[in-house]
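Spelled out from the first residue to the last, the chains are:
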Amino acid sequence: MIKNLKHILITIALMPMLHAGLSIAAETGSALKNDNIRAEPYADAKIAGSFSRGDSLEILKKQGAWLQVKTKKSTGWVRLLSVKRGIATTTNKTAGALAVASGRAGTGQVVSTTGVRGLSEQDLKAAKFNETEIKTLESYTLSAEQGRQFANAGNLKAIVFANLKAGKGDSK
Amino acid sequence: MRIIVKKTQSNSARKNLLTTTLLASLLSVLSLQSVAFDLKGALKDAVQKEIGQKPEPTTPTETPSTNTPPVDAASANNTATSAETAQPAFNWKNPSKEEEIALGREIAGNLLGAAPLVKDAALQKYVNSVGRWVASQSERPDLPWRFGVIESDDLNAFAAPGGYIMLTKGLYRKLANEAQLAGVLGHEIAHVVKKHQLKVLQKQQLLNMSAGFLSGKYAKDNNLISKAIGSGAEISARSLDKSAEYEADRLGLSYATRAGYEPYSLADVLQTLGQTNKNDDSVALLFKTHPHPDERLVALSDAVGSKLDNIKNGKTLENRFYQLKP
């Protein structure tokens, strides 16, 4: 009886940990576009739901080009390019623009104090041609044949694939 | 090239002047850029006046046999040097491959002045191997492609005309495998293949030259590469059209896929970039000059659709991905 109680206690004690472990394992994400959720990771699988751009979701699993996701309403598979991985944030272009305006790429009055070697607009403008460096860069130039040998060494095989064209929804 | 050819002809025989003029008009008529229509005619005359004698008679073919791409560094240097000395003849209307490379060399050299190469020959060799293989899947496999990792903690990559491509150490550090590197390099290779930057420079330079000519201030040095690209490597800090970036994403993905890499690797890099804090200095320039990674992912998603559904066995090759020295 006491033994049983001990087990129960341990189980109860462990439950929150298990739960925590699970929530850490599940990656969060958000929908980049409106899309259908499918029952299986195939283009012609049954539609199990849908999500709208900006919806937050949980990413459960990845399989090839598909992600298994869980939204508030449904669970299923979507193409991985429909999902932004990481913390769900609404796309805020203004924030990005502000970051630029206040950052080192701004108008020149802001100076990096981090000691990190950046490459700002000013750095680029002030740059002077470096003959030694460009010669070093050119010394690494490889022939097409050398490229092919490198590919072979990695067991990379060239395949036939037509250049992608702009999609219909491409806003440009 | 054409201008030079015609100049040689008119030098050697005045009789040919009529032919030249006729050809010139024909060229202008054929020109697609209606904006530059008049300017081009004016330019032609101006350039003909300015260019002195061109000693070696050039064959009227667009690419003489000497125009084969310089594969080793030494010949590349020669090309650049000769282009420098012949700068007044830089053909902005229709630059030859050599001129394009000379221009790219100038830009890349300036960029390296801002951030030198990472002193790690094995790293540079590795990046050149991956880049060269991906470039071989592009529409311009015959360019003397060169790649470099530069000393900067920023996240960025740059392409200059003629096949000069650089990425920062900061961006390299964010990559997880060789396929992701292939995707990034593929994007930059596409900029070169599509001559995105070259076209911007050409347009601007032809307008400058024409404006200078029309206002009677046509100067010899107007053709100078250095004048065209502005101060230092600022050209590398300029944005291209959004559509040019989306196109480079589509083509970069296509090249890397053709090279046998996992097709979604460029998208993986965009995911990583998208997760970077927008206020982070390291992405300030990248985010200023490119559409937001989210937008790029959406555009890529629209272009990909189901086209990658049957692409299997793409490699990521994380095992041989070169690890930066700490």
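Residues numbered from 1 in each chain as written. Chains lettered and ligands numbered in written order. Predicted model: local features only at pLDDT ≥ 70, side-chain atom pairs only at ≥ 80, totals over all residues.

**Section: the overall build of chain B**
Alright, step 1. Scanning chain B from N- to C-terminus turns up 14 helices and 3 strands.
Alright, step 2. Split into buried and exposed, the 326 residues of chain B put 51% on the buried side.
Alright, step 3. Put simply, of all contacts in chain B between residues at least 6 apart along the chain, 73% involve residues at least 24 apart. (Helix = DSSP H or I, 4+ residues; strand = E, 2+ residues; numbered from the N terminus. Buried ≥ 20, exposed ≤ 12 C-beta atoms within 10 Å, placed from the backbone. Contact = placed C-beta atoms within 7 Å.)

**Things to note about the overall build of chain A**
Alright, step 1. The helix and strand tally for chain A stands at 5 helices and 7 strands.
Alright, step 2. The order of α-helices and β-strands along chain A, N terminus first, is α-β-β-β-β-β-β-β-α-α-α-α.
Alright, step 3. Out of the 172 residues belonging to chain A, those deemed buried represent 28%.
Alright, step 4. Pairs at least 24 residues apart make up 45% of the contacts formed inside chain A by residues separated by at least 6 positions.

**Describing the confidence of the model for chain B**
Residues and elements named next belong to chain B.
Alright, step 1. Scored by pLDDT, chain B has a mean of 78; 68% of the residues are at 70 or more.
Alright, step 2. This model gives residues 1–15 a pLDDT under 50, and the stretch forms 29 contacts once residues within four places in sequence are excluded.
Alright, step 3. Low confidence marks residues 17–39, where pLDDT is under 50. Its contacts with residues over four positions away, or in another chain, come to 16 contacts.
Alright, step 4. ipTM for the predicted complex: 0.72, alongside a pTM of 0.73. (pLDDT = per-residue confidence, 0-100.)

**A short note on the interface of chain A and chain B**
Note on interface size: it is often stated as the accessible area lost on association of the parts.
Alright, step 1. On the side of chain B, 84 residues touch chain A, which itself brings 69 residues to the contact.
Alright, step 2. Elements that contribute at least two residues to the side of chain A that touches chain B include exactly β7 (83–85), α2 (93–102), α3 (121–125), α4 (131–139) and α5 (144–153) of chain A.
Alright, step 3. For the side of chain A that touches chain B, the element with the most residues is α4 of chain A, which contributes 8 residues.
Alright, step 4. Tallied by class, residues from the side of chain A that touches chain B come to 28 nonpolar, 20 polar and 21 charged. (Nonpolar A, V, L, I, M, F, W, Y, C, P; charged D, E, K, R; others polar.)

**Some details on the confidence of the model for chain A**
Residue and element names in this part refer to chain A.
Alright, step 1. The share of residues in chain A with pLDDT of 70 or more is 65%, and the mean pLDDT across the chain is 77.
Alright, step 2. Looking across chain A, the model is least confident in α2, with a mean pLDDT of 39, and most confident in α5, with 98.
Alright, step 3. For the stretch residues 88–115, pLDDT sits under 50, and the model shows 41 contacts to residues farther than four places along the chain or on other chains.

**A word on the pairing of strand β2 (residues 157–160) of chain B**
Residue and element names in this part refer to chain B.
Alright, step 1. Of the two faces of β2, the one lined by Ala157 and Ala159 and the one lined by Phe158 and Ala160 are each fully buried.
Alright, step 2. As defined by bridge partners, β2 adjoins strand β3 (residues 164–168) across 4 bridges and the pair is classed as antiparallel. Paired with Ala160 across the strands is Tyr164, a residue of β3. (Pairing = 2+ DSSP bridges.)

**Section: unusual backbone geometry**
All names here are of chain B.
Alright, step 1. One non-glycine residue with positive phi stands out, namely Lys195, at about 55 degrees.
Alright, step 2. Along the chain, Lys195 falls in the loop between α8 (178–193) and α9 (196–214).
Alright, step 3. Positioned with a positive phi, Leu317 is a non-glycine residue whose angle comes to about 50 degrees.
Alright, step 4. Of note, Leu317 is situated in the segment after α14 (293–304).
Alright, step 5. Take Leu317: there are 20 C-beta atoms within 10 Å of it, and that puts it in the buried class.

**Describing the packing of α8 of chain B against helix α12 (residues 265–275) of chain B**
All names here are of chain B.
Alright, step 1. Following both chains from N to C, one finds α8 and α12 inclined at 90 degrees, their axes separated by 7 Å at the closest point. Taken together, the axes of α8 and α12 are roughly perpendicular relative to one another. Only Ser265, Leu266, Asp268 and Val269 of α12 make contact with α8, whose side of the interface consists of Ala179, Gln180, Ala182, Gly183, Val184, Gly186 and His187.
Alright, step 2. A per-class count over the contact of α8 with α12 returns 5 nonpolar, 5 polar and 1 charged. (Axes fitted to C-alpha atoms, helices over the stretch in contact; angles between N-to-C directions. Parallel < 35°, antiparallel > 145°, perpendicular 65-115°, else oblique.)

**Focus: the nonpolar core**
Looking at soluble globular proteins, one finds that nonpolar side chains tend to be buried together.
All names here are of chain B.
Alright, step 1. Ranked by internal contacts, the top residues of the largest apolar core, which has 104 residues, are Leu111 and Val134.
Alright, step 2. With 9 residues, the top contributor of residues to this core is α8.
Alright, step 3. When near neighbours in sequence (up to four residues on either side) are disregarded, Val134 contacts Ala182, Leu185, Gly186, Ile189, Tyr255, Ala256 and Ala259. (Core = buried A, V, L, I, M, F, W, Y, C linked by C-beta atoms within 7 Å.)

**Structural notes on the sheet that holds β3 of chain B**
Residue and element names in this part refer to chain B.
Alright, step 1. A sheet is described by the order of its strands in space; here 3 strands give the open sequence β1-β3-β2, paired in mixed fashion. Each edge of the open sheet is held by one strand with a lone partner, namely β1 (146–150) and β2. On average, adjacent strands in this sheet sit at an angle of 15 degrees to one another, irrespective of strand direction.

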